[in-house]
Structures are given as C-alpha cells and as structure tokens.
Amino acid sequence: MTSFDTSPQLNVWRATLALAVVFVMLATTGWTAVRGHRGTTALQSSRSAWEHGHLAGHRLPEHDAAPARLARFFASLDARQRSGLVHRYPLAVGNMNGAPVDLRYAANRIALTRQRALEKRRTHDVRLSVVGHQEARRLMHRFDELLRPGRQILAFDPAGSGRIAEVFGDLRRADRISLVVPGVDTDLLTFQREDDRAYSAPVGMAKALYSAERAADSRTRTAVIAWADYTAPAGLGIEAATAMRAAAGSLRLTALLRALPGNAPVALYCHSYGSVVCGVAAPHLPARVSDLAVAGSPGMRAGSAAKLGTSARVWAMRDADDWIQDVPNLEFGGFGHGADPVSGGFGARVLSARGARGHAGYFVPGTDSLRNFAGIGVGAYDTVACAHDNDGCRAGLSGATTAGRA
C-alpha cells in the first residue's frame, strides 16, 4: 500500500506550484496591460478646495459626509447656488455620494471638458515623448466620446489610469437598478471598446444589459450602471492574485450603493476579478441589494455562498470555453480567491451561459448568459435558464416556474 506525504512542507510546495500555474495561465490568456502613470491629484485638489470653501458665509459640509446629510444640504440650495458649486468644484461634486445624480452628471461634464483641454495641450508639449503625445491624443479622443450629448457620467477621476462610472436609463425613477463590476485592466481607455470587443468593456456590457432588460420587460423602468470606479489590477501580477485591489474597490462600491437615490432593488453583475470585489463587499452590502450574479469568477474569497454574509441571492455562471475554469481554486497566504462559485458545494444558483464564448462573452446579445442577467435585473426569475437539468437554481423563488430551459 502506497503512503502519501501530507507534511506541511509538501502542502506549501503544492500551493506554491498551483499559484505558479495560475500565473502561467494568466500570462498565456491575454491578461496584459499598459498602465499609465500620469499621477495627477486633480480630484484631491478639488476636494481640498471644497473643504476650505464657504457658501453664504457658512462652511461647506465635508465631502465624505453621510449621503443623507449631503442630500439635505444640496436640497437646501437654489439653482444658482448649486450651479456655482458645480463650476467651482466639479470633480468634488461629480464624485460626491449624496449629491443629486443630475448635479453629478453636470459636474463631471465640466470636469471632462477641462481634462480634455489639458490633454489637448499635452499633445503639443515638447517635453513629452512620442509615447506621451500618443497617450494624450488617446485620452483626448476618449474624453470627446464621454462628452457626447446624453451621456450620464456618475463618477470621474483622471488620476493614474483613471476611474469612471456611467449610467444608462433614469437612475432616480428606476424601479430596478443593475450595476456591472468589471475585472482586470479596466480604466479610462478600456472603459469602452468598439466592434467585436465592445461587449468585453464596461460600457458595452451595461448597454447590452440595459437593452436586454427592456426587451425582457418593457413595463419595468430600469437603470444600469457601468461601474469602473475602482482601481482594477493591471493584468498579470500580484494584484490579480490577491484581494488588495478588491478590498479598496469594495469600499468604493458599498459607499456608492448606500448613496443611490430611491429604494429600488439593486442587482450586481460581477465579471472575472469583479467577482472578487463583490465577494469582499458582500458582508457590507445594503439590504436593497437583492441579487449578486458572477460570471467567469476566479473565486469570491469565501468557501460558500452562505459564508459571503449577504442576504442577496447569489447566482453564478461559466461558459464551457472560459479558460478561468483551469485556474486552481485555492486561497493560500492571501494568494488565490478560494472556492469555485459554480461548483456544487459552493451553493450558488448556477445559471446557463449557453451561447457565450470565452472569458469575455457573457454580455453578448443572443446568449443565455445575457438573457439570464436581464431576467434577474427585472425580477423575472421564472425566465432564467439553469445550467443543469434540475431546477435548483430557481428553488424557493416567488413566481418561479418549474419548466426548465437549460
């Protein structure tokens, strides 16, 4: 009979080897990035100016005061006063949880206009290299796109590689709100892509989901947020294998969720490393978050859905072609993200992703994955397609039917 060495040293060696496999897998599947290092402190400067500002002889409230406190402050102002604050402190107001969303849109439009002018000047700056001029032109064009009429920018920070969030639909009057949390290599320049890559970027994901929700139920007023307002890991590296960026992102995510207007239910759609962000945020999510759906997840930093510590329904999906399935699901010494959310033991409601292709195909129109996301988004749980022949993913849901489509 063969004996097996289960010494702690061997277990450490096995875990280290598994992590090496993770890095090799990521390196061969396109997780690469070119991360800018422009290092501006425009948002911090705007917030500092706000903190020292006055209105009608009174100090302004702290920029990070409770959202309800800030909402009451802005409600007490007249149109001229609100406009004055927006023009004096556009980045501070544009990123202020508690400020009216329409005011945030207006403030961020001003901030984007000013940032575009700055990048235009940089394209002619003789002190910059050719690469620096190219980056300035790319950013200038991106700001041109973000400034197109009708775009609703909820958050914008030009520092480093940039953070941003955009709303599709009427956030104030929505019956239900959806929020998309993307994964690695998400920044200002990758926030939106064209052609066949459109649905792998936050804007494409959110627009596809918004259209699918309206098709699923035209009577339900929905709003979808493309949320790239956290510093995502820059491709392959320690950041992608740990929860460091997820921990910081989870704080930003929960702060926004607690400041959203109204009381409409919120569904989170967390892709790839975005599911790590959602997993870390899960115990702190406000009660209005009704659903947490992950796709192509490397793990959620929890051993099971029950251990996430949230009252939200937990959904998971992974298509058959997603290379993430070959990444070892482990957590050791802070590396790795733990159990596989689509495994039977995790306890999530596992959905069909039929029609999706690869790691970035979950929001492509015509796929089961997008239809399922839309069904969750409008609360039509009886329409979701389970990944398996049984109806376990719809068990206990009010109004859910027993007819399977998987």
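Throughout this document, residue positions are counted from 1 along each chain, in the order its sequence is written. It should be noted that, the model being predicted, local features are given only for residues of pLDDT at least 70 and side-chain atom pairs only at 80 or more, the latter also being counted only at that level, while totals for whole chains, interfaces and linings use all residues. Calculation of side-chain values draws on the structure's entire complement of heavy atoms; hydrogens and water are dropped beforehand.

**Quick word on the packing of helix α6 (residues 101-122) against helix α7 (residues 130-146)**
Reasoning step 1: Axes, fitted as lines to C-alpha atoms, cover a helix only where it is in contact. Angles between the N-to-C directions of the axes lie from 0 to 180 degrees. Secondary structure counts use DSSP, requiring at least four H or I residues in a row for a helix and at least two E residues in a row for a strand, with both numbered from the N terminus. In the contact formed by α6 and α7, the axes pass within 8 Å of each other and the chain directions differ by 155°. Taken together, α6 and α7 sit at an angle that is classed as roughly antiparallel. You can see that α6 and α7 cross each other, and the crossing is left-handed. Each of R109, L112, Q115, R116, E119, K120 and R122 in α6 lies in contact with α7, whose residues at this interface are G132, H133, E135, A136, L139, M140, F143, D144 and L146. To sort the angles, those under 35 degrees are grouped as roughly parallel, those over 145 as roughly antiparallel, those from 65 to 115 as roughly perpendicular, and the leftovers as oblique. Should the near helix be turned anticlockwise from the far one by less than a right angle, the crossing is left-handed, and should it be turned clockwise, the crossing is right-handed. Should any heavy atoms of two residues lie within 4.5 Å, those residues are considered in contact.

**Looking at the pairing of strand β4 (residues 163-169)**
Reasoning step 1: Along β4, seven of the seven residues are buried, which leaves the element largely enclosed by surrounding structure.
Reasoning step 2: If DSSP finds at least two bridges between two strands, the strands pair. As consecutive antiparallel partners, strand β3 (residues 152-157) and β4 are separated by five residues, and within that stretch G160 has a phi angle of approximately 60°, a positive value.
Reasoning step 3: Here β4 runs beside strand β6 (residues 222-228); their pairing, made up of six bridges, is antiparallel. Residue pairing for β6: V167 is matched across the bridge by I225. Burial classification: accessible surface area is computed with a 1.4 Å probe over protein chains only, and a residue below 20% of its type maximum counts as buried, one above 50% as exposed, and the rest as partly exposed.

**As for the nonpolar core**
General note: in soluble globular proteins, nonpolar side chains tend to be found buried as a group.
Reasoning step 1: Core analysis: the largest hydrophobic core is formed by 49 residues, its most contacted members being L171, I225, L253 and L268.
Reasoning step 2: Broken down by element, this core gets its largest block of residues, five residues, from helix α11 (residues 273-281). Definition used in this section: a nonpolar core is a set of buried Ala, Val, Leu, Ile, Met, Phe, Trp, Tyr and Cys residues joined via side-chain atoms within 4.5 Å.

**Some points on helix α8 (residues 202-216)**
Reasoning step 1: To estimate how far a helix should extend, the number of its residues minus one is multiplied by 1.5 Å. With 15 residues, α8 should reach 21 Å at 1.5 Å per residue; the first-to-last C-alpha distance of 21 Å fits that figure.
Reasoning step 2: Regarding α8, the residues found buried are P202, V203, G204, M205, A206, A208, L209, Y210, A212 and E213.
Reasoning step 3: Looking at the buried residues of α8, the elements they touch are β4, β5 (176-181), β6, β7 (266-271) and α12 (368-377).

**What about the side chain of Q192?**
Reasoning step 1: Structurally, Q192 can be placed in the loop between β5 and α8.
Reasoning step 2: Distance and chemistry together define a polar contact, namely a pair of N or O atoms within 3.5 Å, with one atom able to donate a hydrogen and the other to accept it when in protein, and with adjacent residues in sequence counting only for side-chain atoms on both sides. Engagement of the side chain of Q192 in a polar contact is seen with the side chain of R151, the distance being 2.9 Å.
Reasoning step 3: Not counting residues up to four positions away in its chain, the partners in contact with Q192 are R142, E145, R151, A201 and V203.

**Regarding the sheet that holds strand β8 (residues 289-295)**
In a beta sheet, neighbouring strands are held together by backbone hydrogen bonds and run either parallel or antiparallel to one another.
Reasoning step 1: Taken in spatial order, the eight strands line up as β3-β4-β6-β5-β7-β8-β9-β10 in an open sheet, and their pairing is mixed. Sheet topology places β3 and β10 (349-350) at the edges, where each strand pairs with a single neighbour.
Reasoning step 2: Alignment of β5 against β6, held across five bridges, turns out to be parallel. If you follow R176 over to β6, its bridge partner there is T222.
Reasoning step 3: Contacts from α11 reach β5, β7 and β8 within the one sheet, and its direction differs from that of β7 by about 135°.

**Considerations on the pattern of salt bridges**
Reasoning step 1: For this analysis, a salt bridge means a side-chain nitrogen from Lys or Arg found within 4 Å of a carboxyl oxygen belonging to Asp or Glu. In this structure the tally under the stated criterion is 19 salt bridges.
Reasoning step 2: Residue R163 is joined to D229 by a salt bridge in which the shortest nitrogen-to-oxygen separation is 3.7 Å. With a gap of 66 residues between them, R163 in strand β4 and D229 in the loop between β6 and α9 (238-241) connect regions that are remote in the sequence. This pair shows no difference in class: R163 is buried, exactly as D229 is.
Reasoning step 3: Between R219 and D217 there is a salt bridge; the shortest N-O distance is 3.6 Å.
Reasoning step 4: A network of salt bridges, in which partner residues are shared, links D157, R163, D229 and R252.

**Comments concerning empty space enclosed by the protein**
Reasoning step 1: With a 1 Å grid laid over protein atoms only, a set of points is called a cavity when a 1.4 Å probe fits there but cannot get out and a pocket when it is open yet has protein on both sides within 12 Å along at least five of seven lines; lining residues have an atom within 4 Å of a point. Grid points are joined across faces, edges and corners, and a volume is the space filled by probe spheres set on the points. For the structure on display, the rule yields two cavities of 30 Å³ or more.
Reasoning step 2: Lining the second largest cavity, in full, are V294, A295, G296, S297, A316, M317, R318, D340, P341 and V342.
Reasoning step 3: Of all elements in the fold, only β8 and β9 (313-317) reach the threshold of two or more residues within the lining of the second largest cavity.

**Notes on the pairing of β9**
Reasoning step 1: Counted residue by residue, β9 has four buried out of five residues, so it is predominantly covered.
Reasoning step 2: Pairing between β8 and β9: five bridges, direction parallel. Of the residues in β9, the one forming a bridge with L292 is V314.
Reasoning step 3: Pairing of β9 with β10 involves two bridges; the strand directions are parallel. Across the sheet, W315 pairs through a bridge with R349, a residue of β10.

**Considerations on the packing of helix α10 (residues 244-259) against α11**
Reasoning step 1: It is the contact of α10 with α11, at a shortest axis distance of 8 Å, that shows an interaxial angle of 65°. Classified by chirality, the crossing of α11 by α10 is right-handed. Side by side, α10 and α11 meet where M244, R245, A246, A247, G249, S250, L253 and T254 of the first sit next to Y273, V276, V277, C278, V280 and A281 of the second.

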